[in-house]
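As a plain string of letters, each chain reads:
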Amino acid sequence: MYTTIREELIAEGVLKGKAKGKAEGIAQTLQRLLDTRGLALTDELRARVTSCKDEALLQRWFDRAVTAASLTEVFDD
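With that out of the way, let us pick up helix 3 (residues 55-65). Along an α-helix, residues three or four positions apart point the same way, because every turn accommodates 3.6 residues. Along helix 3, the positions that sit buried rather than exposed are L57, L58, W61 and A65. Down the axis of helix 3, the buried set is contained in an arc of 100 degrees. They therefore lie on one face. On its buried face, helix 3 is in contact with helix 1 (5-36), helix 2 (43-51) and helix 4 (71-75). Of the residues flanking the start of helix 3, the one acting as N-cap is D54, its side-chain oxygen 3.0 Å from the backbone nitrogen of A56.

A separate point is the pattern of salt bridges. Within the structure shown, the criterion is met by 4 salt bridges. K16 is the partner of E12 in a salt bridge, and the nearest nitrogen-oxygen pair spans 3.2 Å. Here E12 and its partner K16 are both found in helix 1, 4 residues apart, which amounts to about one turn of the helix. K22 is paired through a salt bridge with E55; the nearest N and O atoms lie 3.5 Å apart. A residue pair is termed long-range when its members are at least 10 positions apart, and K22 in helix 1 and E55 in helix 3 qualify at 33 residues.

It is worth spelling out the packing of helix 1 against helix 3 at this point. Two elements in contact, helix 1 and helix 3, have axes whose closest approach is 10 Å; the angle formed by their N-to-C orientations is 20 degrees. Between helix 1 and helix 3, the angle is such that the two are roughly parallel. Helix 1 and helix 3 meet at a crossing whose hand is left-handed. Mapping the contact onto sequence places A19, K22, A23, I26, A27, T29, L30, L33 and L34 in helix 1 and E55, L58, Q59, W61, F62 and A65 in helix 3. The class makeup of the residues in the contact of helix 1 with helix 3 is 11 nonpolar, 2 polar and 2 charged.

Quick notes on the rules
Residues numbered from 1 in each chain as written. Predicted model: local features only at pLDDT ≥ 70, side-chain atom pairs only at ≥ 80, totals over all residues. Heavy atoms only, no water. Buried < 20%, exposed > 50% of the residue type's maximum accessible area, 1.4 Å probe, protein only. Helix = DSSP H or I, 4+ residues; strand = E, 2+ residues; numbered from the N terminus. Arc of directions from axis to C-beta. Contact = heavy atoms within 4.5 Å. Polar contact = N/O pair within 3.5 Å; in protein donor to acceptor, adjacent residues only side chain to side chain. Salt bridge = Lys/Arg side-chain N within 4 Å of Asp/Glu carboxyl O. Axes fitted to C-alpha atoms, helices over the stretch in contact; angles between N-to-C directions. Parallel < 35°, antiparallel > 145°, perpendicular 65-115°, else oblique. Left-handed = near helix turned anticlockwise from the far one by under 90°. Nonpolar A, V, L, I, M, F, W, Y, C, P; charged D, E, K, R; others polar.

Set out below in structure tokens:
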């Protein structure tokens, strides 16, 4: 199947947009989980979470946040 450069660029943009949206969703869910568990984020950590675009890292933080007793347990690598 032949595609134009324009179609390829559009498809690439769509994929990037989906990845960005997924990362933002994980970041929001992580913040909500931490807030619910009483682990209040500092402004610095909140900025770190919201600016992170690495889905794997966000998911690792989320997984840790489920059982962590402190923010250090979540974010120290």
